[in-house]
Amino acid sequence: MTQGAAGSDDAFDPFLHEIAEVEQADDPHAPIEITEVLWPGLMLGRLLFNRSGVRIRAGVEHAQRGVADRSALYWSFLRRHRPTVDLSQGWGSNSQWRTDFRLDYRTPAGDRLNVAGNRPIDGNADLHPDHPNNLSPEERLLTPGVRRELVRHRCLLRTPEAADALAGSPGWERDLMPFGWRLPGSEA
């Protein structure tokens, strides 16, 4: 396998970059731009092994300070500067070795995110909304766009529209289970 640096480009790419710190731009429409690379990323051929950690500057409509850099980071075991949520946490000493990795690939046809995921990101229309194999009540409170951002960025970028309703469910970030979500092939 070929090894290479992930995230060496100047343009922000959620596939290659993990937001570690946000500087809020005065213009709320300002796009995300990298101001500093904090740690390198690594690609093993087409497989993403680790994203680069970056400081960014962005308008609040693209990334909100205190959310994009401090909300729970999913599919990550440990980060010094923020909470993490990973299936390997809380199940005992062997849980890290028995938990599947998230597999993301960059191919000529497009990015393939969480390829082992087996749940439709918008739920299953054939199942009752409360069916255990469908979206949870907390997952349904997130808009389809927010769910997609969560899969792409592995965290929330802005305060969700349903923040008040979610606040009524203490620990909702830990109970949220996006680990099986897959984007439709047309969105890859």
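For the structure, see preceding data.
These figures come from a predicted structure and were not determined experimentally.

Rules used in this analysis
- Residues numbered from 1 in each chain as written.
- Predicted model: local features only at pLDDT ≥ 70, side-chain atom pairs only at ≥ 80, totals over all residues.
- Heavy atoms only, no water.
- Helix = DSSP H or I, 4+ residues; strand = E, 2+ residues; numbered from the N terminus.
- Buried < 20%, exposed > 50% of the residue type's maximum accessible area, 1.4 Å probe, protein only.
- Areas by Shrake-Rupley, 256 points an atom, 1.4 Å probe, with all protein chains shown as cover.
- Salt bridge = Lys/Arg side-chain N within 4 Å of Asp/Glu carboxyl O.
- Pairing = 2+ DSSP bridges.
- Axes fitted to C-alpha atoms, helices over the stretch in contact; angles between N-to-C directions.
- Contact = heavy atoms within 4.5 Å.
- Phe/Tyr/Trp six-rings, centres within 6.5 Å; stacked < 30°, edge-to-face > 60°.
- Lys NZ or Arg CZ within 6 Å of the ring centre and 35° of its normal.
- Core = buried A, V, L, I, M, F, W, Y, C linked by side-chain atoms within 4.5 Å.

Visitor: Describe the overall build of the protein chain, and please don't skip the residues or the numbers.
Guide: In terms of helices and strands, the protein chain carries four helices and twelve strands. In the protein chain, which comprises 188 residues, the share counted as buried stands at 43%. When the accessible surface of the protein chain is summed, it comes to about 10,600 Å², and 52% of that surface belongs to carbon and sulfur atoms.

Visitor: Go over the pattern of salt bridges with me, naming the residues and quoting the values.
Guide: Pairing between side chains of opposite charge can happen when the charged atoms of each approach one another. Counted under the stated rule, the structure contains 15 salt bridges. A salt bridge links Arg55 to Glu21; the nearest nitrogen and oxygen atoms lie 2.9 Å apart. Placement of the pair is Arg55 in strand 6 (residues 52–58) and Glu21 in strand 2 (residues 17–24), with a sequence separation of 34 residues. Under the relative-accessibility criterion, Arg55 is labelled partly exposed at 25%. Linking Arg147 and Asp122 is a salt bridge whose minimum nitrogen-to-oxygen distance equals 2.8 Å. Here Arg147, found in helix 2 (residues 144–153), pairs with Asp122, found in the loop between strand 11 (119–120) and helix 1 (137–141); they are 25 residues apart in sequence, far enough to count as distant. Asp122 gets classed as partly exposed once you look at its relative accessible area, which sits at 39%. Here the residues in one salt-bridge network are Asp13, Arg106 and Asp111, joined through shared partners.

Visitor: Requested: an account of the pairing of strand 6, with residues and values cited.
Guide: Counting buried positions along strand 6 gives five out of seven residues, so the element sits mostly inside the fold. Direction of pairing for strand 2 relative to strand 6: parallel, over a ladder of seven bridges. Within strand 6, the residue paired with Glu23 across the bridge is Arg57. Of the pairings in the sheet, the one linking strand 3 (residues 33–39) to strand 6 comprises five bridges and is antiparallel in character. The residue bridging Glu33 from the neighbouring strand is Arg57, located in strand 6.

Visitor: Lay out the sheet that holds strand 3 with the relevant residues and their values.
Guide: Strand order in the open sheet made by the three strands is 2-6-3, with mixed pairing throughout. Because the sheet does not close on itself, it has two edges, and the strands there are strand 2 and strand 3. Direction aside, the axes of adjacent strands within the sheet are offset by 25° on average.

Visitor: How would you summarise helix 2 if you had to cite specific residues and measurements?
Guide: In terms of burial, helix 2 is largely enclosed, as seven of its ten residues are buried. Buried within helix 2 we find Val146, Arg147, Arg148, Glu149, Leu150, Val151 and His153. Check the buried side of helix 2 and you find it contacts strand 7 (73–74), helix 1 and strand 12 (181–182). Trailing helix 2 by a residue or two, Arg154 shows a phi angle of about 70°, which is positive.

Visitor: Could you give an account of the packing of aromatic side chains, naming the residues involved and the relevant values?
Guide: All chains considered together, the criterion is met by two aromatic pairs. The ring of Trp75 is capped by Arg102, whose NZ or CZ atom sits 4.4 Å from the centre of that ring.

Visitor: Please give an account of the nonpolar core that cites residues and values.
Guide: Core analysis: the biggest nonpolar cluster contains 23 residues, and Tyr74, Leu150 and Val151 have the highest contact counts within it. For this core, the element with the highest residue contribution is helix 2, accounting for three residues. Not counting the four nearest positions on each side in its chain, Leu150 is found in contact with Tyr74, Trp75, Cys155, Leu156, Leu176, Pro178 and Trp181. Counting 13 residues, the second largest nonpolar core, distinct from the first, contains Val22, Val54, Ala63 and Leu73.

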